[in-house]
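# Overview (structure and organization)
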Amino acid sequence: MIAGIILKDNIEEKSVIAFLDEEIECFEVSTNDELVEKLDEKKPGVVAVDAPMEVGPTELNEGEKELKEEGHIFTPSGQQKTTARRLEALQDQAFNVMGGNTPDFIRFDPHITAEELALDTDEALKSIGVEASNIRGAEQFDAVLGAITARFYEQNQFEEMGVVVPEALDEE
């Protein structure tokens, strides 16, 4: 089991979490308590989150610069302080609740994953064995891209560039 989270920087907007195992399950939640409850219930090994892992510098790091040179739009982690702090609190809370079963948290960008893997439609998801019929809306689709990124990470088919970038699928 793996998961992807589109994390909002405040609880007024619902965050989206998608779990991927045999099927996709998506949930909209407001608080970190609700996120941790879902994580504790499903126990994913890896969770990809579209947020910086820590408050960082306001300029791009080397991997982020490379991504920008490749044409990706990228925001330095220092400009997403609120979301980074929320993720840090989520990780702490997950550890307090789950202890040794706390998943590995990684940073991903849904647009980069979509571009690298050419996954921009429900049909494209089906082509890699992910049934898209349970996905309702763009944010759930993005959360599923996070779960797919987590799967590539779990299978050691990725590059770390400030975000986890899945290795492009081999054309057959």
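That block above? That's the structure.
This write-up is about the structure you can find in this document. (Residues numbered from 1 in each chain as written. Predicted model: local features only at pLDDT ≥ 70, side-chain atom pairs only at ≥ 80, totals over all residues. Heavy atoms only, no water.)

## Overview of the nonpolar core
To keep things clear, this is the line we draw: By nonpolar core is meant a set of buried Ala, Val, Leu, Ile, Met, Phe, Trp, Tyr and Cys residues that side-chain atoms within 4.5 Å join together. Partly exposed describes any residue whose relative accessible area lies between the buried limit of under 20% and the exposed limit of over 50%, with all areas from a 1.4 Å probe on protein chains only and scaled to the type maximum. By the convention used here, residues are in contact when the closest approach between their heavy atoms is within 4.5 Å.
In this structure, Leu125, Val144 and Ile148 are the most contacted members of the largest nonpolar core, which totals 28 residues. The residues contacting Leu125, other than those within four sequence positions of it, are Leu119, Val130, Ala132, Ile135, Phe141, Val144 and Ile148. Among the nonpolar cores identified, the runner-up in size contains 18 residues, and Ala3, Ile17, Ala51 and Ala94 belong to it.

## Thoughts on the side chain of Lys38
Using the following cut-off: Strands are runs of DSSP state E lasting at least two residues, helices are runs of H or I lasting at least four, and both sets are numbered from the N terminus onward. Counting rule for charge: Lys and Arg are taken as positive, Asp and Glu as negative, and neither His nor the chain ends is counted. Whenever a carboxyl oxygen of Asp or Glu lies within 4 Å of a side-chain nitrogen of Lys or Arg, that contact is scored as a salt bridge.
With respect to the helices and strands, Lys38 occurs in helix α1 (residues 32-42). This buried residue, Lys38, is left without a salt bridge; Glu41 holds the nearest opposite charge, at 4.0 Å. Sequence-distant contacts of Lys38, that is, excluding residues within four places in its chain, are made with Phe19 and Phe27.

## Some remarks on a negative patch on the surface
This is how the line gets drawn: Patch building starts from residues that exceed 30% relative accessible area and form no salt bridge, then joins like charges within 9 Å and nonpolar side chains (Val, Leu, Ile, Met, Phe, Trp, Tyr) within 5 Å. Residue-level accessible areas treat just the shown protein chains as cover; the underlying method is Shrake-Rupley with a 1.4 Å probe. Note on charges: their place is set at NZ of Lys, CZ of Arg, CG of Asp or CD of Glu.
There is a patch of like negative charges on the surface, built from Glu66, Glu69, Glu70, Glu115, Glu159 and Glu167. We classify Glu159 as partly exposed; its relative accessible area is 43%.

## Remarks on the packing of aromatic side chains
To keep it simple, the criterion reads: To pair, rings of Phe, Tyr and Trp, with the six-membered ring standing in for Trp, must have centres within 6.5 Å; the planes then decide the type, stacked if under 30 degrees apart, edge-to-face if over 60, and tilted in the middle. Lysine NZ or arginine CZ positioned within 6 Å of the ring centre and within 35 degrees of the ring normal marks a charge as sitting over the ring.
Scanning the model with the defined rule gives two aromatic pairs in all. Residues Tyr153 and Phe158 carry aromatic rings whose centres are separated by 4.7 Å and whose planes lie at 40° to one another, so their mutual orientation is tilted. Here the guanidinium or amino end of Lys38 rests over the ring plane of Phe27, the centre of that ring lying 3.9 Å away.

## Notes on the environment of Pro52
Turning to its location among the elements, Pro52 is positioned in the loop between β4 (46-49) and α2 (62-69). Judged by its relative accessible area of 1%, Pro52 is buried. C-alpha of Pro52 to C-alpha of Leu87: the two residues are 35 residues apart in sequence and 7.7 Å apart in space.

## Observations concerning helix α3 (residues 81-98)
Given 3.6 residues per helical turn, the α-helix brings residues three or four places apart onto the same face. Using the following cut-off: By definition here, a helix of n residues has an expected span of 1.5 Å times n minus one.
Here α3 is 18 residues long and its end C-alpha atoms lie 25 Å apart, about the 26 Å a rise of 1.5 Å per residue gives. Lining the buried residues of α3 we find β1 (2-6), β2 (15-20), α1, β4 and β5 (104-107). Phi for Gly99, located one or two positions after α3, is positive at around 55°.

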